[in-house]
Structures are given as C-alpha cells and as structure tokens.
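# Reading the structure
Listed below, chain by chain, are the residues.
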Amino acid sequence: MSNKMWGGRFSEGPDAVLEAINASIDFDKRFYAQDIRGSQAHVAMLAQSGIISKVDAKAISKGLGDVLKEIESGKFTFSRALEDIHLNVESRLAELIGPAAGRLHTARSRNDQVATDFRLYVRDTVDELDTVLAGLQRALALKADENAATVMPGFTHLQSAQPVTFGHHLLAYVEMLGRDRGRFRDARARLNESPLGAAALAGTGFPIDRHMTAKALGFDRPMANSLDAVSARDFVLEVLAACAISATHLSRLAEEIVLWTTPQFNFVKLSDRFTTGSSIMPQKKNPDAAELVRGKTGRVVGALIGLLTVIKGLPLAYSKDMQEDKEGTFDALDTLGLCLTAMTGMISDLVPNAESMKAAAGAGYATATDLADWLVRELKMPFREAHHVTGRIVALAAKKDAPLEALSLAELQSVAPKITKEVFAVLGVEKSVKSRTSYGGTSPANVKRQARAWLKKLG
C-alpha cells in the first residue's frame, strides 16, 4: 500500500528496508513544538491572504493545538510509516478535524517546513545554551573573586613559568566562554531568517505573505532565495562550530582539573558529588565528571565534521542526505548543555589548596623574569643582558638546590656586582603577582576588579 500522505504516484508501498532507512520520526519528533508553531503561523497567513477560508483556518489552528496537547501529555502515537514529524502531525490533524486538514499544506513543502522547524529548534536551543554558559561564567567569576590573591604557578609547556593567581587562571576561562557566547549570538543572528514559503525549491504561485509568517515566528525577515532557503544548512554548521569550540574550552579546563586533583599536584579538591570511587581500590576518588567532559568533546567535534562531510557534495536544492543533519546536531547540543551543567557544578564545589599552590608557584625559579625585569628597571641593563645574567643566577641557585630568594646578596653580586639588597623585594611569589599590574595582568587588585566587573555584567 502506498503512503497515504504522498503516495498517489506509487502503486506499491516502500520496502521495509527503505521504510527503516527513510523514517526520521524516531529523532525529528523532538521538533513537534516548532513544527506546530510553524504550521499555525502558516495557516494564519493562508487565511489572511484569502488562500483558505477563515473557518478552515480556525479549525486547523484549534486542531493543531489539540495535537500539541496530546504530544505533551504523552498520549500521541508516533508512526514510522508516516516517516517524519510533519506527516505524523498532519495525519493526526486529519483524524481530528477531517478534510479541512488537507488545506494546511497549501503553498508549502516539507522542504521549507523542515528547514523552518530546524531553524526554530536551533534558535531555541542556542538561547538555552547562552543561559547555561552564563551560569558557568558566573561560577568561575565567583571562585575567581574568592581567590584573587591565591598564588599558583603559571605554566608554559606544562613547566612552571611565572607565578599567577588562581583567580586570574579561572578568569581566563570566563573570557573564553564570553567569546563562545559571542559566537552563538553571531550564529543566531545569521540563522534568524525564515525559509517558510520557499516551498519545494522554487517558491509558489499562491499570493502568500512570507513577511507575515517570518514576523509571527520571530524571524527578522524571510530568506531572499527559495533555493537557498530549502538547501542551506550553514546555520547548523556555524552553531556546531561554536559548540565544538566551546566544548574544546571545557575540555581544556577539565584536563586541568584532572591534573590538579592528582596527589602530585594537589591543587584542588572536588566534592563527592562530582567524583566516583573504584571497585577494587578503596582509596580512590576519581574525577570522572571532568574526564567525561573531556571525552564528550569528541562527540561534539564529530558532529561538526559529520555534517560538513554530508553537505560538501550536495547540489542544490534539497536531497535526502540532508536528513542526516539532525541526529548529530541534537546529540551535540544535548552533550554541550550537559557538559556545561556538569562543569558549573564542579567549579562551584571545587576547593583550592592554597598551600600546595603557593609552594608549587615558588618552585622552578618562577620569579626569574621578575629578577630580569628588576635588572632592567633598576640597573638600566638591556633586557637581553639581564636575561643572560638572570640565567647565570638561576644556574647558581640550581647548583645549590636553593630558591632564588634563598641566595645571599654576596652570591647574587658574584654574578652581577651592582645588585643591591632591594632585589629581594621582587623575588617572592606573592610580591611577583602583586607587581603584575598591567591591564589584564595577574595582580590581585586586577583580578578582583575583573571578577567583579564580570559578576556585575552577568547579573
């Protein structure tokens, strides 16, 4: 038996294998609210334009509302034989109101319908992600404000480089997440055009009002080219790219948390709420939530690569390949939202070990740059000469297995005779971070100011 919704051309129904590979209802049913919202806007426009009667439009709109209630209450039965959310909704509408339901699909195609649904869904989800991203920024900024003066080592090449503060380190991620939010905002602005009314690919001969439906659905305008409207998926690619970048930022933070919680670092402690134990080793407290955030980044990046691969060889306009745009996107959006929520919980519960951090900050001659800067500032040495002199002093300290501040003035003067006792004012890690007062630097005063500016901005 042919499909009753589109099968007039066919004398036989689809093979079971085709039905299995063709059906999308198992995943696109999550579009139900957007699909019904788009249909209600479309039918209101059809009536306003005189294309269908207002009586039919009223019946269709009420029927769509009833279908929405059935789905939301869990009473709706989805059918794979009807392929997708569009035909499932329309079929149930016909059962509820009769032949008038057949007028709903006037002047549109499933091609512009799914493109509209998808844009609405992605737009709604981007708005939700922005809220969750802001929540993580707030948690980081609060922790940064509390730890504006908590000294820790800053690293390059994962080797101790210069002392920084824990607050400063956390604020780096606040900045990254701010850019993530900006990318999502930019993507949202570009996707906020309506494909509805482009029909299959060429537009329609009916006197529709695409500006009316665009406005009703919160779009800025209708898309200007019908071919582009039904075939464009760059709006999804752009959002997935923003997801992949944001997930990568989370993965970097997760990796640091994994390192910081090891006994070798002992920089932070995670709460029991975000750690697990071992089935054999009773002493273990594993940072599983952080590890999973790190691991799930691959899924988000994979969704972007997968869709790029689908789209790269498609001619205009619509091809069934484009059905593959949804599952990976849904998974990526869900995964990023989950990872952001988990990371917010971890950061909120995280307790820094200030003593261990400070001890590590003083290791590895992390104040060597401060010494070189002092030589330039106070003795007027060219920086390259100061760099060389400081390197010799570090070698002397390493030979004695002592920190720089433990060297005597005489030992320092054995390398650079003009050094005075005032040099010791820059050799402690706390003195070092306090001196970094340049804009964006790690001084506690800077960190306090930046953390509170972010908290005020985030509300």
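For the structure itself, look to the data block above.
## Quick word on the overall build of the protein chain
What the protein chain contains, in helices and strands, is 18 helices and six strands. Over its C-alpha atoms the protein chain spans a radius of gyration of 31 Å, topping by over 25% the 23 Å that the globule rule assigns to 459 residues. Along the first, second and third principal axes, the C-alpha atoms of the protein chain reach 100 × 55 × 40 Å. Taking all contacts inside the protein chain whose residues are at least 6 apart in sequence as the whole, residues at least 24 apart take part in 75%. In the form shown here, the protein chain has an accessible surface area of approximately 22000 Å², with 55% of it arising from carbon and sulfur atoms. For the protein chain, the distance from the average site of its 57 positive side-chain charges to the average site of its 53 negative ones is 6 Å.

## Thoughts on the nonpolar core
Among the nonpolar cores identified, the biggest contains 92 residues, and Leu140, Phe184, Val239, Leu250, Ile257, Met343 and Ile347 are the most heavily contacted of them. Apart from residues no more than four positions distant in its own chain, leucine 250 is found in contact with Leu136, Leu177, Val293, Leu336, Cys339, Leu340 and Met343. Grouped together as the second largest cluster of nonpolar side chains are 19 residues, Ala372, Met381, Ile393 and Ile419 included.

## A look at the packing of aromatic side chains
Enumeration over the complete set of coordinates arrives at ten aromatic pairs. Taking 4.8 Å as the distance between ring centres and 55 degrees as the angle between the ring planes, the aromatic pair formed by phenylalanine 76 and phenylalanine 78 counts as tilted. Judged by its relative accessible area of 10%, phenylalanine 76 is buried. Classification of phenylalanine 78 by relative accessible area gives partly exposed; the value is 28%. An aromatic cluster is defined as three or more aromatic residues linked by ring pairs; in this entry it consists of Phe31, Phe118, Tyr121, Phe235 and Phe330. Over the ring of phenylalanine 219 we find arginine 123; its NZ or CZ atom is 5.0 Å from the centre of that ring. It is lysine 326 that lies over the ring of phenylalanine 118; its NZ or CZ is 5.7 Å from the centre.

## Brief notes about the pairing of strand E2 (residues 159-165)
One ladder, built from six bridges, connects strand E1 (residues 151-156) with E2; its direction is antiparallel. Bridge pairing in E2 places methionine 152 opposite valine 164. Between the end of E1 and the start of E2, which pair antiparallel, lie two residues, with histidine 157 showing a positive phi angle near 60 degrees.

## What to know about the environment of valine 174
Relative to the helices and strands, valine 174 resides in helix H7 (residues 166-191). Along the chain, valine 174 and leucine 338 lie 164 residues apart, while their C-alpha atoms are 18 Å from each other.

## As for a nonpolar patch on the surface
A contiguous nonpolar patch, built from Leu201, Leu227 and Leu316 and spanning about 270 Å² of accessible area, is present on the exposed surface. On the secondary structure map, leucine 201 appears in the loop between strand E3 (193-194) and helix H8 (210-216). The class of leucine 201 is partly exposed, set by a relative accessible area of 38%.

## Describing helix H4 (residues 54-73)
For H4, with 20 residues, the first-to-last C-alpha span of 29 Å sits near the 28 Å given by 1.5 Å per residue. Those residues of H4 that sit buried are Asp56, Ala57, Ile60, Gly63, Leu64, Gly65, Val67, Glu70 and Ile71. After H4 finishes, the residue glycine 74 shows a positive phi value of roughly 85 degrees.

## A closer look at the packing of helix H3 (residues 32-48) against helix H5 (residues 85-97)
At their nearest, the axes of H3 and H5 sit 10 Å apart, and the two run at 60 degrees to each other. The angle between H3 and H5 falls in the class oblique. In this structure, the crossing between H3 and H5 has a hand that is right-handed. Listed contacts from H5 to Tyr32, Asp35 and Ile36 of H3 are Ile85, His86 and Val89. A class-by-class count of the residues in the contact of H3 with H5 yields four nonpolar, one polar and one charged.

## Let's talk about the pattern of salt bridges
All chains considered together, the criterion is met by 27 salt bridges. Between glutamate 70 and arginine 92 there is a salt bridge, with its nearest N and O atoms 2.8 Å apart. Of this pair, glutamate 70 sits in helix H4 while arginine 92 sits in helix H5; the two residues are 22 residues apart in sequence, bridging distant segments of the chain. For arginine 294, the salt bridge is made with glutamate 255, and the minimal N-O distance between the two is 2.4 Å. Of this pair, arginine 294 sits in helix H11 (residues 288-311) while glutamate 255 sits in helix H10 (residues 234-260), and the two are 39 residues apart along the sequence. When salt bridges that share partners are traced, they join Glu70, Arg92 and Glu95 into one network.

## Regarding unusual backbone geometry
Cis geometry is found at the peptide bond from leucine 316 to alanine 317, where omega equals 10 degrees. With respect to the helices, strands and loops of the structure, alanine 317 is situated in the loop between H11 and helix H12 (327-349). Look at glutamate 83: it is not a glycine, yet its phi comes out positive at around 70 degrees. When you line up the elements, glutamate 83 lands in the loop between H4 and H5. The class of glutamate 83 is buried, set by a relative accessible area of 6%.

Rules used throughout
- Residues numbered from 1 in each chain as written.
- Predicted model: local features only at pLDDT ≥ 70, side-chain atom pairs only at ≥ 80, totals over all residues.
- Heavy atoms only, no water.
- Helix = DSSP H or I, 4+ residues; strand = E, 2+ residues; numbered from the N terminus.
- Rg over C-alpha atoms; globule rule 2.2 N^0.38 Å.
- Contact = heavy atoms within 4.5 Å.
- Areas by Shrake-Rupley, 256 points an atom, 1.4 Å probe, with all protein chains shown as cover.
- Lys, Arg positive; Asp, Glu negative; His and termini not counted.
- Charge placed at Lys NZ, Arg CZ, Asp CG, Glu CD.
- Core = buried A, V, L, I, M, F, W, Y, C linked by side-chain atoms within 4.5 Å.
- Buried < 20%, exposed > 50% of the residue type's maximum accessible area, 1.4 Å probe, protein only.
- Phe/Tyr/Trp six-rings, centres within 6.5 Å; stacked < 30°, edge-to-face > 60°.
- Lys NZ or Arg CZ within 6 Å of the ring centre and 35° of its normal.
- Pairing = 2+ DSSP bridges.
- Patch = residues over 30% accessible without salt bridge, like charges linked within 9 Å, V, L, I, M, F, W, Y side chains within 5 Å.
- Salt bridge = Lys/Arg side-chain N within 4 Å of Asp/Glu carboxyl O.
- Expected span 1.5 Å × (residues − 1).
- Axes fitted to C-alpha atoms, helices over the stretch in contact; angles between N-to-C directions.
- Parallel < 35°, antiparallel > 145°, perpendicular 65-115°, else oblique.
- Left-handed = near helix turned anticlockwise from the far one by under 90°.
- Nonpolar A, V, L, I, M, F, W, Y, C, P; charged D, E, K, R; others polar.

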